[in-house]
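# Structural features, examined
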Amino acid sequence: QVQLVQSGGGLVQAGDSLRLACAASGRTLGSYSVGWFRQAPGKEREFVAVAGLGGGATYADSVRGRFAISRDNARNTVYLQMNSLKLDDTAVYSCAASVEMGWPSQDVEYSFWGQGTQVTVFS
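All of the points below concern the structure found in this document. (Residues numbered from 1 in each chain as written. Predicted model: local features only at pLDDT ≥ 70, side-chain atom pairs only at ≥ 80, totals over all residues. Heavy atoms only, no water.)

Moving on: the sheet that holds strand 3 (residues 18-25). Picture the strands of a sheet paired through backbone hydrogen bonds; they go either parallel or antiparallel. Pairing is antiparallel across the open sheet formed by four strands, whose spatial order is 1-3-8-7. Two strands bound the open sheet, and with one partner strand each, they are strand 1 (3-7) and strand 7 (67-72). Strand-to-strand twist of the sheet, defined as the mean angle between neighbouring strand axes without regard to direction, takes the value 20 degrees. As paired elements, strand 3 and strand 8 (residues 77-82) share six bridges and run antiparallel to each other. Paired with Ala-23 across the strands is Thr-77, a residue of strand 8. (Pairing = 2+ DSSP bridges. Helix = DSSP H or I, 4+ residues; strand = E, 2+ residues; numbered from the N terminus. Axes fitted to C-alpha atoms, helices over the stretch in contact; angles between N-to-C directions.)

So, about the state of the cysteines. With the rule as written, the count across this model stands at one disulfide. With a sulfur-sulfur separation of 2.1 Å, Cys-22 is cross-linked through a disulfide to Cys-95. Here the disulfide of Cys-22 and Cys-95 is right-handed, its torsion about the S-S bond being about 70 degrees. Placement of the pair is Cys-22 in strand 3 and Cys-95 in strand 9 (residues 91-98), with a sequence separation of 73 residues. Just as Cys-22 is buried, Cys-95 falls in that class too. (Disulfide = S-S within 2.5 Å. Buried < 20%, exposed > 50% of the residue type's maximum accessible area, 1.4 Å probe, protein only.)

Leu-4, Trp-36, Leu-80, Met-82 and Tyr-93 are the most contacted members of the largest nonpolar core, which has 36 residues in total. Residue assignment for this core shows that the elements contributing at least two residues are strand 3, strand 4 (33-39), strand 5 (46-51), strand 7, strand 8, strand 9 and strand 11 (117-122). (Core = buried A, V, L, I, M, F, W, Y, C linked by side-chain atoms within 4.5 Å.)

Look at any regular strand and the pattern is simple: side chains alternate between the two faces of the sheet. With respect to burial, strand 9 is a largely interior element, seven of its eight residues being buried. Taken together, the seven bridges between strand 4 and strand 9 define a ladder with antiparallel strand orientation. If you follow Gly-35 over to strand 9, its bridge partner there is Ala-96. In the sheet, strand 9 pairs with strand 11 via three bridges, with the strands oriented antiparallel. In the sheet register, Val-92 faces strand 11, and the bridge partner there is Gln-118. Of the pairings in the sheet, the one linking strand 9 to strand 10 (residues 112-113) comprises two bridges and is antiparallel in character. Counterpart to Ala-97 in the pairing with strand 10 is Phe-112.

Structure (structure tokens):
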């Protein structure tokens, strides 16, 4: 099994940037598709981005062009770089690992989850 530990997050002003990290132990993240999801208060968890097992990435429409997901295989870590943050980006962000090929975007496709980290954007 793979264990995921997140870091980053915090309180930022609208328009600023933030980077989240998802570090793995137990298995190499190269064996998984790694996704980021978020859940805002009173809302359902939603897909943000995924780095596919076979390569490439895809993003939710709401973050495309502002967020970027990347892998650092040497550190066994996946990052989510978030730029031009908006108030609507406020949520608890969670990384997750899936053995599914392609770019899984449903949370049920993921078996392993990080602990979640709060991102709060203020005006």
